[in-house]
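# Observations on the three-dimensional arrangement
Each chain, letter by letter, is given below.
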Amino acid sequence: MIQLYKMAWRNLGRNRRRTFFSMLALACGVALLLFMAAFVAGEMRDSLQSAIRLHSGHLQVWAASYDEDRTSLAWEDLLENPDALAAQIAARPEVRVATPRLYATGIVVAGATSTGVRVVGIDPDSPASAPFREGMVSGDYLAPDDRGGLLMGRTLAEKLHLSPGDTVNLLVNTANGDVDEQRFVIRGIYSTGIPGYDESTLFLPLSKAQAMTRAENHASVIFILLKDQAQTDAVAAALQGPAYQVKTYRQLNALLSEFEEYANGMMFVFYLIVLGITVTVIVNTLVMSVFERTREIGILAAMGMRTGRIMALFFAESSLLALGGIVMGVVLGSLIAAYVQKHGIFLGDFGMTGILIGERIYAYLTLKDVIMLSAMAFVITLLASLYPALLAARLEPIVALRAEK
Amino acid sequence: MEVVRVENATRVYRTGKVETYALRGVSLSIESGEFTGLVGPSGSGKTTLLQLMGCLDQPTEGRVYIKGKDVSRLSRNQRADMRRGNIGFIFQFFALIPTLTAYENVEMPLLLNGQGAAERRKRVMELLEAVGMAERAHHRPDQLSGGEQQRVAIARALAARPSLILADEPTANLDTPNGQQVMEIMRRLNQETGVTFVFATHDPRVIRYARRVITLRDGLVVADDVAGVRSPEA
């Protein structure tokens, strides 16, 4: 066995340049795939964290009949006296913050253009609103008692050519099924770094939103962030009661999980294609090597080497090639991924709705991806080298011995 | 004891519709310890006969026995097993594995036979000494002369203690002194170890060494002489 690898090693050393380039082909393939895997993993991780931070929280408490898709404002679908409920939830030791939010659908009209928006009534002073406060790009942040101002996302403001101090008309649905319209001043413009979110979300102070929509002392949800994401299920179970629905971030971001599954499936196909291409280079190298060494294979066969062992020799060569290529690829891929993990790649407005994808994507390379891809590259290389190995093993010794060199 | 018996062996090569008879019914027997030359012009069937005796090829008709065992219809791997245990080869070109040192080349049949490291080391050095190559044990084939390579090939052929060594034109690519040296070594090892040698040649200087000379022409044995006693050429 050791002798087999020694021979394989020396055989690879005969044409060092060819061996190096074969390894490099595999290395480039592995590096590319590692980077892709890290990119997708980073994107998914960031989207989920963004979704938790901005939109879903770790948990939400809803009224028993609340339907997120309808954004109902009927009182029976809302939580009554939400501040008290939020305070009660916030008193739990696992909870970092719990704050009421009111959701309404609306249309913002600026001059001749209008666009549909999601109006969110927030407590501007709550720590849960920090991403908006910290994301202010111009103008002023909301004060809790502001009655005539709103916060607009940068993407929407740019689209409508609006700046802080400009006024817009906002139409919203109300609790009794009417539509109310009021004039608001754009107090400030925020950016969360996620164009899709910023384009569709307007903020009002909770009390103003409640007054305008006639929701009065009601909120759509209690938005909850935990100290530790891992406690989500435990806290959800503790909060469960007949009057409420408790939703976890996984339920609230089901689309994201589905997308992740879909993306992983696509990636797998992509892995197979890229590895398939790179592996042909290795197969080509080995096939050339079989032809160059025909007589030598004949000598080994004449000495009584069985076909299985001749095949094993070629498998040893391909496994060394694969190993070299994979090590190079992992090093190269990790370096690229590490760079992108630190600095990110600017994508701009990806134009995707439903999933919060940031303007800048940071790679996230996991050990699992490294191991999975390395194993896959190794197995595919070995499978592909079955062909040259069979080619060598099937050589008739007398024909092989007759070969020129 | 009979090492090889060939019974009415025919070997036909088919290329498309053309049939070429390399052997046309050859029968012979080689006893243990013989030092026998196969002679005859090119195309007379010397190499084909060596290949049949070496289990590298199989007769189209007829039988080949190695130490009493019929090897005419063995599978590929069975023939490999038969060669590994019983037959050593010396080829016209110095058929060493170029990536392995002289030592490792001689060691290869022992590795294939699964012998232990200590036993291998002892055997390899013993053989390299016997062919006068112990000092160059760790040189690769490209660092050795043709004569030296052929001496290593002889050591390798003997390594697994085969009962039969087949040599196909062992001196054809060597100059006279080297060719003589190779033949001397082969003869000495034949005498010392009793291993049977059969070699094909058309070099009269090599034929001199044979104690039995089998002459082939057009795929038939036309003469079979013990040294000194020449049968009239057919």
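This text goes with the structure placed above it.
Predicted, not measured: the structure shown is a model, and the values here were computed from it. (Residues numbered from 1 in each chain as written. Chains lettered and ligands numbered in written order. Predicted model: local features only at pLDDT ≥ 70, side-chain atom pairs only at ≥ 80, totals over all residues. Heavy atoms only, no water.)

Here we take up the overall build of chain B. If you tally the helices and strands in chain B, you get seven helices and 10 strands. Radius of gyration (C-alpha) of chain B: 17 Å, near the 17 Å computed for a compact globule of 234 residues. With respect to the three principal axes, the spread of C-alpha positions in chain B is 50 × 40 × 40 Å. Buried residues in chain B amount to 56% of all 234 residues. Total accessible area on chain B stands at roughly 9,800 Å², and carbon and sulfur atoms take up 47% of it. Distance between charge centres in chain B, computed from 31 positive and 27 negative side chains, equals 4 Å. (Helix = DSSP H or I, 4+ residues; strand = E, 2+ residues; numbered from the N terminus. Rg over C-alpha atoms; globule rule 2.2 N^0.38 Å. Buried < 20%, exposed > 50% of the residue type's maximum accessible area, 1.4 Å probe, protein only. Areas by Shrake-Rupley, 256 points an atom, 1.4 Å probe, with all protein chains shown as cover. Lys, Arg positive; Asp, Glu negative; His and termini not counted. Charge placed at Lys NZ, Arg CZ, Asp CG, Glu CD.)

This part is about the sheet that holds strand 7 (residues 164-168) of chain B. Residue and element names in this part refer to chain B. Across the sheet, which stays open at both edges, the six strands sit in the order 6-7-8-3-9-10 with mixed pairing between neighbours. Whereas interior strands pair on both sides, the edge strands pair on one side only; in this sheet they are strand 6 (87-90) and strand 10 (220-226). Taking the axes of each pair of neighbouring strands and ignoring which way they run, one obtains an average angle of 20 degrees across the sheet. Direction of pairing for strand 3 (residues 35-39) relative to strand 9 (residues 212-217): parallel, over a ladder of four bridges. Across the sheet, Val-39 pairs through a bridge with Thr-215, a residue of strand 9. Set on the sheet, helix 1 (residues 46-53) makes contact with strand 3, strand 6, strand 7, strand 8 (196-201) and strand 9; between it and strand 7 the angle comes to about 155 degrees. (Pairing = 2+ DSSP bridges. Axes fitted to C-alpha atoms, helices over the stretch in contact; angles between N-to-C directions. Contact = heavy atoms within 4.5 Å.)

Glancing now at the environment of Thr-47 of chain B. Residue and element names in this part refer to chain B. By the element assignment, Thr-47 lies in helix 1. Judged by relative accessible area, Thr-47 falls into the partly exposed class, the value being 33%. For the pair Thr-47 and Glu-169, spaced 122 residues apart in the sequence, the C-alpha separation amounts to 8.9 Å.

Think of an α-helix as 3.6 residues a turn; residues three or four steps apart then line up on the same face. With nine of nine residues buried, helix 11 (residues 294-302) of chain A lies mostly within the body of the structure. Here helix 11 of chain A has its buried residues at Thr-294, Arg-295, Glu-296, Ile-297, Gly-298, Ile-299, Leu-300, Ala-301 and Ala-302 of chain A.

Moving on, we get to the packing of aromatic side chains. Residue and element names in this part refer to chain A. In the structure shown here, the tally under the stated rule is 11 aromatic pairs over all chains. Centroid distance Trp-62 to Tyr-66: 5.3 Å. Interplanar angle 75 degrees. Geometry classified as edge-to-face. Assigned by exposure class, Trp-62 and Tyr-66 land together as buried. Their ring planes at 55 degrees and their centres at 5.2 Å tell us that Tyr-190 and Phe-203 sit as a pair that is tilted. With a gap of 13 residues between them, Tyr-190 in strand 8 (residues 179-190) and Phe-203 in strand 9 (residues 201-205) connect regions that are remote in the sequence. Across the pair, exposure class does not vary: Tyr-190 and Phe-203 are buried alike. Three or more aromatic residues link up through ring pairs in this structure, and these residues are Phe-132, Tyr-190, Tyr-197 and Phe-203. Its end group placed over the ring of Tyr-364, Arg-45 keeps NZ or CZ at 3.6 Å from the ring centre. In this structure, Arg-101 packs its charged tip against the face of Phe-223, placed 3.8 Å from the ring centre. (Phe/Tyr/Trp six-rings, centres within 6.5 Å; stacked < 30°, edge-to-face > 60°. Lys NZ or Arg CZ within 6 Å of the ring centre and 35° of its normal.)

Everything listed here is a matter of coordinates, which is why it stays silent on function.
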